Amino acid sequence: MPIQYYIALSATLFCIGIVGVLTRRNAIVIFMCIELMLNAVNLLLVAFSKMQPVAAATNTAARNAANVGIDGQIFVFFIMVVAAAEVSVGLAIIVMMYRNTHSVDVNFLNRLKN
Amino acid sequence: MNAIILSVIIGVVMMFCSVFVPNKNSYRHIASIGLVLLLAGNIAEMHGFSLFHINTKGMLSYDNFGLFFNTIAIASTLIYVLLSGRDIQKIGTYVAEYFVLIFFVLCGIAILSSYNNLLMLFLGIEILSIPLYILTGSDKRNMMSNEAALKYLLMGSFSTGLMLMGIALIYGATGSFNIEVIHAASPQQGANGMSELSVSFLEIMGMLLLMVSIGFKVSAAPFHFWTPDVYDGAPAVITSFMATIVKVAGFIAFIKLFDARMLGTSVETNKLIGVDWKLLFAIIIICTLLVGNVTAVFQQSVKRMLAYSSIAQAGFMLFALFSMNDVAKEGILVYSVAYSLATIGIFAILVKMKDFTFEGYNGLGKTQPVLAFTNTIFLLSLAGIPLTAGFFAKFFMLESAIKTGTYLWLVIAAVVFAAISVYYYFRVIQAMYFKAGDAAVVEAPTMSFKIGLLLLAAIIIYFGIFPQALLSWFYF
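This one's a predicted model, so the numbers in the text were calculated from it and none came from an experiment. (Residues numbered from 1 in each chain as written. Chains lettered and ligands numbered in written order. Predicted model: local features only at pLDDT ≥ 70, side-chain atom pairs only at ≥ 80, totals over all residues. Heavy atoms only, no water.)

1. Regarding the overall build of chain A
What chain A contains, in helices and strands, is four helices and zero strands. In chain A, the order of α-helices and β-strands from amino to carboxyl end is α-α-α-α. Looking at chain A as a whole, 42% of its 114 residues qualify as buried. Taking all contacts inside chain A whose residues are at least 6 apart in sequence as the whole, residues at least 24 apart take part in 58%. Summed over its atoms, the accessible surface of chain A is roughly 6100 Å², and 67% of this surface lies on carbon and sulfur atoms. (Helix = DSSP H or I, 4+ residues; strand = E, 2+ residues; numbered from the N terminus. Buried < 20%, exposed > 50% of the residue type's maximum accessible area, 1.4 Å probe, protein only. Contact = heavy atoms within 4.5 Å. Areas by Shrake-Rupley, 256 points an atom, 1.4 Å probe, with all protein chains shown as cover.)

Rendered as structure tokens:
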């Protein structure tokens with residue numbers, strides 16, 4: 001399959017994520033949309049890393065390296081780990097806010113706009 | 001390498017201290033000792049003595065610039081902990097953990113000052129940000145702090161998403177995460193069924209997304225809107241750390257990235273499709289200076305004014321990206337010292353105040369002469385008055401822009417905005433000396449705190465008279 005399909009798919013997912021972050025009002029849904037953005041990136045990275053050997057096939061210098069394009073897949077693992085760390089901190093913050101306001105609606109976040 | 005590993009080790013050691021050391025007052029002393037060790041380790045590395053030899057396959061590279069910036073960041077943190085350590089203790093019950101998180105932020109800064117690979121840029125930004133989300137919300141019972149933490153978290157992760165998309169696109173275009181561009185590879189990408197045009201389009205989109213995302217972190221103008229709320233809501237001691245050391249680290253990451261990547265995607269080299277980075281940065285600088293300075297004039301709270309002033313200062317620091325020459329690199333070092341030290345001092349005094357509004361400062365010159373005097377010097381330095389470090393910081397930035405020979409109107413506009421900034425900084429000075437009132441402090445400042453403030457003011461004036469002293473450390 002040509003790379004363009006993957007680019008189009010992950011760009012679409014990414015844009016859905018961005019629109020969700022900007023329009024939704026529930027903190028947890030916003031968080032899910034951010035995860036969607038990260039997963040769109042993961043998909044794109046894996047697609048690109050599979051395509052690298054194809055690109056390298058015409059490049060004599062890189063042809064001999066057995067693991068061409070593997071670093072894109074490694075990056076995906078890093079994104080997953082960091083996203084997990086971010087979610088654990090994020091959910092803790094959301095819980096902390098819920099304890100004080102009994103709501104996870106970000107419309108409540110206007111106390112600082114005095 | 002010393003700074004990265006030592007900061008984590010000291011952080012973990014401090015975590016254990018929170019279990020085994022019952023006396024809460026000792027945590028800040030342990031943190032100060034840790035910071036001194038970290039500083040010693042980093043200075044040793046500057047002289048070629050490295051404790052650890054780890055082959056990172058070129059993912060991290062240690063040059064003089066990054067290491068010197070590390071020294072600045074660690075030294076500023078040391079000053080910050082010495083001045084405000086007592087106030088960090090007062091945020092909440094988990095005292096040791098606040099210091100631990102500060103050490104982890106320093107680890108992120110050390111990575112950001114030495115990365116040579118986009119993976120390390122991403123990890124550095126995250127290691128820097130995640131502890132900060134926690135620190136922002138560390139005042140758990142306070143709704144403002146909660147709100148600031150949530151807002152910071154949502155904005156921070158959003159910008160991380162943008163950054164990752166940018167990195168993925170650059171990877172697709174160049175086939176590598178290295179920040180040193182390997183353009184030899186990209187024409188071969190035609191095998192993917194992508195034309196050369198679409199390859200450079202991908203790379204440019206990637207660079208723009210990276211610019212937006214780091215712009216979020218350093219609060220450059222169209223992406224600044226979270227800054228006042230977060231800086232206002234976070235506990236004041238934490239704001240001091242966020243607004244100074246962390247923000248400057250963001251600029252170092254920004255400069256390292258664009259130093260390596262800017263030319264390949266600019267109109268000068270890529271006639272077919274390229275970005276006029278100079279014009280783009282000029283627009284961002286103007287927006288940042290406009291928003292920061294004009295909004296700061298209308299603030300009632302000094303804390304919120306300082307948040308907007310930090311946006312305005314970011315506008316000046318963006319000049320380094322605009323001109324991107326040797327003067328700019330020297331300038332950002334001088335700027336980071338001048339800005340960090342002065343802002344740390346102002347916040348250290350702000351934390352002691354009962355009332356954060358301008359009226360709260362009325363008559364401070366009578367009740368607390370030392371605090372008022374040093375605060376005046378810090379404010380003068382931020383405003384860029386000669387004989388303070390802030391003057392030479394601004395001078396270097398504008399000089400670097402003049403050296404590029406274009407966009408002279410930008411320099412003139414910056415000078416005008418610097419003049420506007422004098423208004424709101426002097427409002428504090430006026431309140432302290434020329435308005436009647438009894439400015440109340442939370443508790444009488446100790447003798448050592450006053451001496452610390454005086455020393456900090458002396459350092460600022462010293463660098464204001466001999467700015468070359470700083471740069472000669474950099475070169476020798």
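Continuing now.
2. Some points on unusual backbone geometry
Residue and element names in this part refer to chain B. Even without being glycine, M324 reaches a positive phi, approximately 50°. Relative to the assigned elements, M324 resides in the loop between α12 (319–323) and α13 (326–352). Here Y407, not a glycine, exhibits a phi torsion of approximately 55°, which is positive. In this structure, Y407 sits in the loop between α16 (389–403) and α17 (408–434). Take Y407: its relative accessible area is 18%, and that puts it in the buried class.

3. A closer look at the pattern of salt bridges
All names here are of chain B. Applying the stated rule across the entire model yields twelve salt bridges over all chains. Note that R304 and D229 form a salt bridge whose closest N and O atoms lie 3.1 Å from each other. In this pair, R304 is assigned in helix α11 (residues 302–317) and D229 in helix α8 (residues 226–233), connecting sequence segments 75 residues apart. Taking the relative accessible area as the measure of exposure, R304 reaches 9% and is therefore buried. With relative accessibility at 2%, the residue D229 sits in the buried group. A single network of salt bridges, built from pairs that share partners, joins E147, K151, D229, D232 and R304. (Salt bridge = Lys/Arg side-chain N within 4 Å of Asp/Glu carboxyl O.)

4. Details of the packing of aromatic side chains
Residues and elements named next belong to chain B. Counted by the stated rule, this structure contains 27 aromatic pairs over all chains. A ring pair is formed by F391 and F395, whose centres lie 6.3 Å apart and whose planes are at 20°; its orientation type is stacked. In this pair, F391 and F395 are both assigned in helix α16, four residues apart and thus about one turn of the helix distant. Judged by relative accessible area, F391 falls into the partly exposed class, the value being 28%. On the basis of relative accessible area, F395 is assigned to the partly exposed category, the value being 40%. Ring-pair connections join several aromatic residues into one group, and the members of that group are F316, F319, F322, Y407 and W409. (Phe/Tyr/Trp six-rings, centres within 6.5 Å; stacked < 30°, edge-to-face > 60°.)

5. Quick word on the UniProt feature "transmembrane region" (unreviewed entry) in chain A
Residues and elements named next belong to chain A. Under the UniProt annotation, the feature "transmembrane region" (unreviewed entry) is placed at residues 6–22, 29–48 and 74–98. Between the C-alpha atoms that bound residues 29–48 the distance is 29 Å, and the span itself is 100% helix and 0% strand. Secondary structure across residues 74–98 divides into 100% helix and 0% strand, with the first and last C-alpha atoms of the span separated by 36 Å. (UniProt positions renumbered as here; feature names shortened; annotations may be inferred.)

6. Some details on the nonpolar core
Residues and elements named next belong to chain B. Membership of the largest hydrophobic core comes to 226 residues, with the highest contact counts inside it found for L121, L257, F258, F281 and F319. Here this core gets 18 residues from one element, more than from any other, and that element is α13. Contact partners of L121, with chain neighbours within four places excluded, come to L112, Y115, M163, L210, A253 and L257. (Core = buried A, V, L, I, M, F, W, Y, C linked by side-chain atoms within 4.5 Å.)

7. Some thoughts on the confidence of the model for chain B
Residues and elements named next belong to chain B. With 97% of its residues at a pLDDT of 70 or more, chain B shows a mean pLDDT of 89. Counting contacts from residues 184–191, a segment whose pLDDT is below 50, to residues more than four positions away or on other chains yields 16 contacts. Reported for the predicted complex are a pTM of 0.92 and an ipTM of 0.91. (pLDDT = per-residue confidence, 0-100.)

8. Some points on the side chain of T160 of chain B
Here T160 of chain B is to be found in helix α6 (residues 143–174). Polar side-chain contacts of T160 of chain B include one of 2.8 Å to the side chain of E126 of chain B. Discounting residues that sit within four places of it in the chain, T160 of chain B has contacts with E86 of chain A together with F122, E126 and K217 of chain B. (Polar contact = N/O pair within 3.5 Å; in protein donor to acceptor, adjacent residues only side chain to side chain.)

9. Re the packing of helix α4 (residues 70–101) of chain A against helix α5 (residues 118–136) of chain B
α5 of chain B packs onto α4 of chain A with a crossing angle of 10° between their chain directions and a minimal axis gap of 11 Å. It follows from the interaxial angle that α4 of chain A and α5 of chain B lie roughly parallel. Each of F75, F78, I79, V82, A85, E86, V89 and I93 of chain A in α4 of chain A lies in contact with α5 of chain B, whose residues at this interface are L118, L119, F122, L123, E126, I130, Y133 and I134 of chain B. (Axes fitted to C-alpha atoms, helices over the stretch in contact; angles between N-to-C directions. Parallel < 35°, antiparallel > 145°, perpendicular 65-115°, else oblique.)

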